[in-house]
Amino acid sequence: MLIFNIVHEGYEETFVKRKKLKNIRYFASSKLAYENLGKVIFDYVDKRYDIDKFKIIFVSGDGDTGIKNYVNCFLNVKFVLDPFHYIQKHMNYIFKEDIISRNIADDYIRNHLIDNFKELVNYQIKKYPEQEKYMEEHMNYIINNIQGIKKIHYINTIVLWRDMLIKDSPDILLLPLMDSLNKG
């Protein structure tokens, strides 16, 4: 299995559709398990940011089990599902151009109203029955990552997401991790 992760400090505004990552560092291995690669990433992050000075570290990622397990490599770490995967990839797939329904669904998720969320998704499935399988997959992904989604809201009260790395806070580090490839 190839594990490929990217650590970065957020995005540079380039005024094009695809954003450019700042201070990218790539980590890849076909031999190391997630835990061992996590130790390598920990060493890099610790040297770069002196992580002992932070009271809390948020690891932002795509919700993959390996990314979630990185929280075991750091002290005082919380996993956060990154907004791209939550909104752009999953919520937008289910709710298409229906921003009102997407916002209602987001409210249901943040308030742990899972049954209401499922009802809204089922309504969408009735509108697009040929996409039922995929909508259910996206729905289950969201439900399985609900704790990471709730933390997005918490972080947004601290800092704007586009800054990604909280440089001015002596207590908080947001570490975006991207699991670009994890194929067996």
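Note: the structure precedes this text.
All of these numbers come straight from a predicted model, not from anything done at the bench.

Draft legend 1. Quick peek at the packing of aromatic side chains. This structure, assessed with the given rule, holds one aromatic pair. Over the ring of Tyr-93 we find Lys-96, and its NZ or CZ is 4.0 Å from the ring centre. The ring of Tyr-128 has Lys-96 sitting right over it, with the charged end atom 5.4 Å from the ring centre.

Draft legend 2. Layout of the pattern of salt bridges. Under the definition given, this model contains one salt bridge. In this structure, Asp-106 engages Arg-110 in a salt bridge whose closest nitrogen and oxygen atoms are separated by 2.8 Å. Remark: Arg-110 and Asp-106 occur in helix H4 (residues 99-110); sequence separation between them is four residues, near one turn of the helix.

Draft legend 3. Representation of the pairing of strand E6 (residues 77-81) in the model. For E6, the buried fraction is high: four of the five residues fall into the buried class. Pairing of strand E5 (residues 56-61) with E6, which is carried by five bridges, proceeds in the parallel orientation. Counted as the bridge partner of Ser-60 is Val-80 from E6.

Draft legend 4. Seen up close, H4. Compared with the 16 Å implied by 1.5 Å per residue over 12 residues, the 16 Å span of H4 between its first and last C-alpha is a close match. Taken as a whole, H4 has its buried residues at Ser-101, Arg-102, Ala-105, Asp-106 and Ile-109. Projected down its long axis, H4 carries its buried residues within an arc of 140°, all on one side. Downstream of H4 by one or two residues, His-112 has phi in the positive range, about 55°.

Draft legend 5. How the structure looks around the packing of H4 against helix H5 (residues 114-127). Running from N to C, H4 and H5 cross one another at 155°; their axes reach a closest spacing of 8 Å. Classified by the angle between their axes, H4 and H5 sit roughly antiparallel to one another. Between H4 and H5 lies a crossing whose hand is left-handed. Across the interface between the two elements, Ser-101, Ile-104, Ala-105, Tyr-108 and Ile-109 of H4 pack against Ile-114, Asn-116, Phe-117 and Leu-120 of H5.

Draft legend 6. A look at the packing of H5 against helix H6 (residues 132-144). The N-to-C vectors of H5 and H6 enclose an angle of 160°; their axes lie 10 Å apart at closest approach. The angle between H5 and H6 places the two elements in the roughly antiparallel class. Helix-helix and strand crossings are classified by hand; for H5 and H6 the assignment is right-handed. Note on element contacts: H6 touches H5 through Glu-132, Met-135, Glu-136, Met-139, Ile-142 and Ile-143, opposite Ile-114, Phe-117, Lys-118, Val-121, Gln-124 and Ile-125. Taken together, the residues of the contact of H5 with H6 sort by class into eight nonpolar, one polar and three charged.

Draft legend 7. Representation of unusual backbone geometry in the model. Here Lys-96, not a glycine, exhibits a phi torsion of approximately 50°, which is positive. Looking at the element boundaries, Lys-96 is found in the loop between helix H3 (83-95) and H4. Located in the positive-phi region is His-112, a residue other than glycine, with phi close to 55°. Within the secondary structure, His-112 is located in the loop between H4 and H5.

Thresholds applied
- Residues numbered from 1 in each chain as written.
- Predicted model: local features only at pLDDT ≥ 70, side-chain atom pairs only at ≥ 80, totals over all residues.
- Heavy atoms only, no water.
- Phe/Tyr/Trp six-rings, centres within 6.5 Å; stacked < 30°, edge-to-face > 60°.
- Lys NZ or Arg CZ within 6 Å of the ring centre and 35° of its normal.
- Salt bridge = Lys/Arg side-chain N within 4 Å of Asp/Glu carboxyl O.
- Helix = DSSP H or I, 4+ residues; strand = E, 2+ residues; numbered from the N terminus.
- Buried < 20%, exposed > 50% of the residue type's maximum accessible area, 1.4 Å probe, protein only.
- Pairing = 2+ DSSP bridges.
- Expected span 1.5 Å × (residues − 1).
- Arc of directions from axis to C-beta.
- Axes fitted to C-alpha atoms, helices over the stretch in contact; angles between N-to-C directions.
- Parallel < 35°, antiparallel > 145°, perpendicular 65-115°, else oblique.
- Left-handed = near helix turned anticlockwise from the far one by under 90°.
- Contact = heavy atoms within 4.5 Å.
- Nonpolar A, V, L, I, M, F, W, Y, C, P; charged D, E, K, R; others polar.

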